[in-house]
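Breakdown of the fold
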Amino acid sequence: MRQTEDVQRAVQAVAVAVTPVEYGQRGYHLLVELENGRVRDFARIMHDQGYFIGFVTAVHVAPAIEVRYQFAHFDRQSRVMGFTTVDAAGAVPTIADIFPGANWHERETRDFYGVVFTGHPNLEPLILPEEDVDLKPLLKSEKNLKDAAAVRWPEPKVAEDTAAAPAAKE
Amino acid sequence: MSEAQAPLHHRFHLNMGPQHPSTHGVLRVILEMDGEYVLNPQPVLGYGHRMQEKMAEARAWPGFYPNTARMDYAGALHYNHGYCALIERLAGIEVPPRAEYIRVITSELNRIASHLLWYGALLLDLGAFTPILYTFDDREQILDILEDITGSRLTYCYFRAGGVSRDIDDKFVERTRAFITRLRSRFPMLEKLVNGNVIFLKRVEGVGIIDKDMCQRYGATGPVARGAGVPYDVRRAEPYSVYPEFDFEIPVGENGDSLDRFLVRFKEMEQSLRIIEQALDRLPDGPVMAKVPKKLKLSPGDVSFAVEAARGELTYYLISDGTEVPYRMRIRVPSYSNLSVLPELCHGMLLSDLVAAMGSLDLVIPEIDR
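The shown structure was predicted, so the numbers you read here are calculated from the model rather than taken from an experiment.

1. A closer look at the overall build of chain B
Within chain B, the secondary structure is distributed over 15 helices and 9 strands. Taking 21 Å as the expected radius of gyration for a compact globule of 370 residues, we find that chain B reaches 21 Å, a close match to that expectation. For chain B, the C-alpha atoms occupy an extent of roughly 70 × 50 × 30 Å along the three principal directions. A buried classification covers 61% of the 370 residues belonging to chain B. For chain B, the proportion of contacts with a sequence separation of at least 24, taken over those separated by at least 6, is 71%. Accessible area of chain B: about 13100 Å², with a carbon and sulfur share of 54%. Counting 42 positive and 49 negative side-chain charges, chain B places the averaged centre of each group 4 Å from the other.

What follows is the structure in structure tokens.
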């Protein structure tokens, strides 16, 4: 656990919020919310701390698509989940030069969601054929699109009750 | 000859695949060549892509069980395992101990089957025809055992969230024990036939060196990372199921070349046998399925589950919106990251060495094109 605290301190400087999560329930240790422009700083810290890249992906939620990054470690039990939202142009900086393994993951995310990875060395279609480049097959229809809050892990029950109680009195 | 010296007329493009015997699936590699030397091999993916992630997001979660086996056809039970364990983690389902033991036994049998398939196929790529006949013979025994219990020979759909679909019987135990004895008696023969063969050693020794730094940058896991001397095995690193109860070693290599990856997988088969043996000895009685409601809504939030598949770390990552249908399903497959090292790994290599190096990565293309 101490090692997770170390990395928590390190990413604190570049993150909006760092939340330790219950591994037994969610399968990873640290949730890191990032500003769009700090993704590369985060990746550099992950690299310097010896983490390897798990995957990069996106999830289509309202109001903006979220890009998610998972890292894990060869020598210690620590799995870190970072996420950010795309900017107004639907873009996020690439981390493919820091983790070359992210290259294909980013190209795939570009194929499936249309997310543009700024600075990517070769943002050509990876999976989709050239004629279907703008298919974006994993985008949700308007009917199915959910708010980012609807897919968040709910706050612990106790906290919810105490927060709700005073509001009800008013 | 260095890149700078090469006269331009020696440069050409060579197309390998998508139907090439040594890609073992529909993978295409565009090779930029300089005479016999590979400058830049660029894999072209997507020929067999089925959009499994979209399928997972388009149906209630139990409907995805059969799909899991259709990604990695050579190690399908690990994919079953990861998916069921993911749902169990999110829904807080306790699995009966007997079911966990059965999962471990069948998963490890599947791992051996996968390694035997790879063993034969790699040597076939290198021009040795005989070994695949022996390893297929052994692998066939596993397929028969698993067919009896799961109903399929390859694309198993055996595990369920909460346990396994049917119990094993005495016949299964007996046959599995007989198989352990049989395979152990075959190892010395394979070692004599292949592992010490000078022609084979010349093809793989020092070829395709991957170090720890490269594994970290590319996310290469499984025998590829272990061949590079990284003792990373999800069964140890993030223990799941009942793996902590068994005594087994994690074989690692020293040089990170194709030979080390070869030896790591070869030694892993013995370790899998050890796990199966211990699990059979201690197999508990009891139910093989927990009580799980037929219709189960997944609570909102995200959940991740990693297992050690035959080729490395397999991670399912699910984001739920509180309904029965997963909102987002991401499947991180090991071969995808393992193959992505290819351009860096094979730069400046002889074409025939590329075949050896690629074979030592143990790629399953439908897993990459999931």
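Okay, back to it.
2. Side note on the packing of aromatic side chains
For the coordinates displayed, the defined rule picks out 22 aromatic pairs over all chains. Between W61 of chain B and Y65 of chain B the ring centres are 6.1 Å apart and the planes differ by 85 degrees, which places this aromatic pair in the edge-to-face class. For the residue pair W61 of chain B and Y65 of chain B, the accessibility class agrees, reading buried in each case. On the numbers, 4.6 Å between centres and 55 degrees between planes, the contact of F200 of chain B with F262 of chain B is tilted. Of the two residues, F200 of chain B is situated in helix 7 (residues 198-204) and F262 of chain B in helix 11 (residues 258-281); the sequence distance between them amounts to 62 residues. Residue classification places F262 of chain B among the buried positions, given a relative accessible area of 1%. Three or more aromatic residues joined by ring pairs make a cluster, and in this case those are W118, Y119, F187, F200, F262 and F266 of chain B. Over the aromatic face of F83 of chain A sits the side chain of R68 of chain A, whose NZ or CZ is 5.1 Å from the ring centroid. Its guanidinium or amino end placed over the ring of Y23 of chain A, R89 of chain B lies 4.9 Å from that ring's centre, counting from NZ or CZ.

3. Structural notes on the environment of D132 of chain A
Turning to its location among the elements, D132 of chain A is positioned in the loop between strand 7 (116-118) and helix 5 (157-169). Residues D132 of chain A and D111 of chain A, spaced 21 residues apart in sequence, show a C-alpha to C-alpha distance of 9.0 Å.

4. Remarks on the pattern of salt bridges
Enumeration according to the criterion identifies 50 salt bridges over all chains in this entry. R274 of chain B is the salt-bridge partner of E249 of chain B, the closest N and O atoms lying 3.6 Å from each other. Here the residue E249 of chain B occupies a position in the loop between helix 10 (234-237) and helix 11, and R274 of chain B occupies one in helix 11, the gap between them amounting to 25 residues. Residue E367 of chain B pairs with R311 of chain B through a salt bridge whose shortest N-O separation is 3.9 Å. Of this pair, E367 of chain B sits in helix 15 (residues 365-368) while R311 of chain B sits in the loop between strand 6 (301-309) and strand 7 (312-320); the two residues are 56 residues apart in sequence, bridging distant segments of the chain. A relative accessible area of 0% places E367 of chain B in the buried class. Relative accessible area serves as the criterion here: at 2%, R311 of chain B is assigned to the buried category. Salt bridges linked by common partners bring E108 and K140 of chain A together with E53, E57, R328, R330 and R370 of chain B together as one network.

Procedures and definitions
- Residues numbered from 1 in each chain as written.
- Chains lettered and ligands numbered in written order.
- Predicted model: local features only at pLDDT ≥ 70, side-chain atom pairs only at ≥ 80, totals over all residues.
- Heavy atoms only, no water.
- Helix = DSSP H or I, 4+ residues; strand = E, 2+ residues; numbered from the N terminus.
- Rg over C-alpha atoms; globule rule 2.2 N^0.38 Å.
- Buried < 20%, exposed > 50% of the residue type's maximum accessible area, 1.4 Å probe, protein only.
- Contact = heavy atoms within 4.5 Å.
- Areas by Shrake-Rupley, 256 points an atom, 1.4 Å probe, with all protein chains shown as cover.
- Lys, Arg positive; Asp, Glu negative; His and termini not counted.
- Charge placed at Lys NZ, Arg CZ, Asp CG, Glu CD.
- Phe/Tyr/Trp six-rings, centres within 6.5 Å; stacked < 30°, edge-to-face > 60°.
- Lys NZ or Arg CZ within 6 Å of the ring centre and 35° of its normal.
- Salt bridge = Lys/Arg side-chain N within 4 Å of Asp/Glu carboxyl O.

Note that every value here comes from positions in space, so none of it alone points to a role or purpose.
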